[in-house]
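# Structural characterization, general
Okay, here's what each chain looks like letter by letter:
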Amino acid sequence: MKTTLRTDITVKDICDGFVYNELEGKGLFGLSGKLTIQPEYQRNYIYADGKKDVAVVESLLKGYPLGLIYFVKVSEDNLEVLDGQQRITSFGRYVTDKFAVKDENGMEQYFRGIAADKQAKILDAQLLIYECEGTESEIKEWFKTINIAGVPLNDQELLNSVYSGPFVTLAKAEFSNSQNANTQKWSAYIRGSVNRQDFLERALDWVSKGNIGDYMSRHRYDTDIKELKTYFNSVIDWVSGVFIDVEKEMRGLEWGRLYEEHHHKPYNPAKISAELRKLYADPYVSNKKGIFEYLLGGSVDTKLLTVRVFDEATKKSVYAKQTAQAKAKGVSNCPLCALGHDANQSKIWKLNEMDADHVTAWSKGGATDRANCQMLCKTHNQAKGNR
Ligand SMILES: [Zn+2]
């Protein structure tokens, strides 16, 4: 890969022909049309928060360097911004009067309103730009390395850059488009933000059964996203059909896996809802997120619910009572050992050799309290648990 350091390009040069798309939140072009500011793999403009964008302008006014900017030379007349897109979009928007910055008197000033010498200071600022030429894989590998400043790219943003093309463009228009009205509904089940590609990542994760990179590579040049969209909508429709309740614990669950495992079974949504309400009200259920998979699996696997265990005080007091009674009778303090005929029949176990057990199982309505607690030797407790 060949890199050339350029110090001759000014803010004014970049802002010549600067185009900002308000709807998409993207800086598009600059440098008299030669520069593509926001290639497909770049994230949306996220500096527009009245702080980071203002800081860029203040740095220029004070003559501070903006840091290194990287361009990729795509062809003789075409450059793409590899790193620095947020900074460029910030000063581009300021110079084209898209936002104002407070002056030394605390007055909001647009670019057109500031003194000529200040305007010149911004426009004449020279940037430190590396122009890189190389193969796609060289550049993208390198992109991973340099993108350490600012907000680092997350996994999906990196994948979007590595597999940029028509498929990513279409997929982003559907799944990372804040104007998409479906986003609200999806966010009941999916955690994260549209801008940071979390919805797109989930959609790809589901359809590819976890092999996102492989899927993007195979579909890179596809000109439709039918399969991706259909699968995603099937999962969402299935979840919202089976569970008529929307609980905050549903956000971020592995709905793709649960769909694969359970979507062929019939469910009665009203009955599911009643069971769900009961489990939500049960003080012994400490993992509410597990309720959904527990219900889908037919209310069998109580491990998913992390049913509250007996506390130390309860164990100690049950142990003391059980041991005193056993000693008086000359039998083991493990009631199951006491029933046996081997050497353990009269063995007195230490507290740390025993575990607490629900006499009546929680799943059959047994409470996690003293009255329903018995201490068993570890062997018997495990044997009981495995039944
Ligand atoms: Zn025992």
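Above this text you will find the structure in question.
Below is a short write-up of the structure.

Criteria and cut-off values
- The residue numbering used here restarts from 1 in each chain and proceeds along that chain's sequence as written.
- With the structure being a predicted model, the display of local features is reserved for residues of pLDDT at least 70 and the display and counting of side-chain atom pairs for 80 or more, all residues being used for whole-chain, interface and lining totals.
- In computing side-chain values, all of the structure's heavy atoms are included and hydrogens and water are not.
- When DSSP finds two or more bridges between two strands, those strands count as paired.
- Strands here mean DSSP runs of E at least two residues long; helices mean DSSP runs of H or I at least four residues long; both are numbered from the N terminus.
- The term salt bridge refers to a pairing of a side-chain nitrogen on Lys or Arg with a carboxyl oxygen on Asp or Glu at a separation within 4 Å.
- To sort residues, take the accessible area from a 1.4 Å probe on protein chains only and compare it with the maximum for the residue type: under 20% means buried, over 50% means exposed, and anything in between is partly exposed.
- Coordination partners: N, O, S within 2.8 Å of the metal, 3.2 Å for Na, K and Ca; water not considered, so apparent gaps in a site are possible.
- Geometry is assigned from donor-metal-donor angles: four donors are tetrahedral when every angle falls between 85 and 135 degrees, four are square planar and six octahedral when opposite donors sit over 155 degrees apart with all other angles between 65 and 115, and any other arrangement is irregular.
- Orientation is described by lines fitted to C-alpha atoms, with helices fitted over the stretch in contact, and by angles between N-to-C directions that extend from 0 to 180 degrees.
- Relative orientations are named as follows: roughly parallel for angles under 35 degrees, roughly antiparallel for angles over 145 degrees, roughly perpendicular for angles from 65 to 115 degrees, and oblique for any other angle.
- In what follows, residue pairs with any heavy atoms lying within 4.5 Å of each other are defined as contacts.

### Observations concerning the pairing of strand β9 (residues 128-133)
- Pairing analysis gives five bridges linking strand β1 (residues 2-6) to β9, with the strands arranged antiparallel. The residue of β9 that forms the bridge with Leu-5 is Tyr-130.
- In the sheet, strand β5 (residues 68-75) pairs with β9 via five bridges, with the strands oriented parallel. In the sheet register, Leu-68 faces β9, and the bridge partner there is Leu-128.

### So, the pattern of salt bridges
- What the rule picks out here adds up to 25 salt bridges.
- The salt bridge involving Asp-53 is made with Arg-93; its shortest N-O contact spans 4.0 Å. Here the residue Asp-53 occupies a position in helix α2 (residues 52-61), and Arg-93 occupies one in helix α3 (residues 85-95), the gap between them amounting to 40 residues.
- Residue Asp-53 is classed as buried on the basis of its relative accessible area, which comes to 3%.
- Arg-93 gets classed as buried once you look at its relative accessible area, which sits at 7%.
- Across the pair Glu-312 and Lys-315 runs a salt bridge, and its minimum N-O distance is 3.1 Å. Taken together, the positions of Glu-312 and Lys-315, both in helix α15 (residues 312-329) and three residues apart, correspond to about one turn of that helix.

### Structural notes on the coordination of the zinc ion
- Of the protein atoms, only Cys-334 (SG), Cys-337 (SG), Cys-377 (SG) and His-380 (ND1) coordinate the zinc ion, at distances of 2.0 to 2.3 Å.
- Angles of 99 to 115 degrees at the metal separate the four donor atoms of the zinc ion, which places the site in the tetrahedral class.
- In terms of primary sequence, the donors binding the zinc ion are separated according to C-x2-C-x39-C-x2-H. Of this pair, Cys-334 sits in the loop between α15 and α16 (335-338) while His-380 sits in helix α17 (residues 378-385), placing them 46 residues apart in sequence.
- We classify Cys-334 as buried; its relative accessible area is 0%.

### Quick word on the packing of helix α9 (residues 198-207) against helix α11 (residues 226-242)
- Running from amino to carboxyl end, α9 crosses α11 at an angle of 90 degrees, the nearest separation of the two axes being 9 Å. It follows from the interaxial angle that α9 and α11 lie roughly perpendicular. Of α11, the residues touching α9 (which contributes Ala-203, Leu-204, Trp-206 and Val-207) are Glu-227, Leu-228, Tyr-231, Phe-232, Val-235 and Ile-236.

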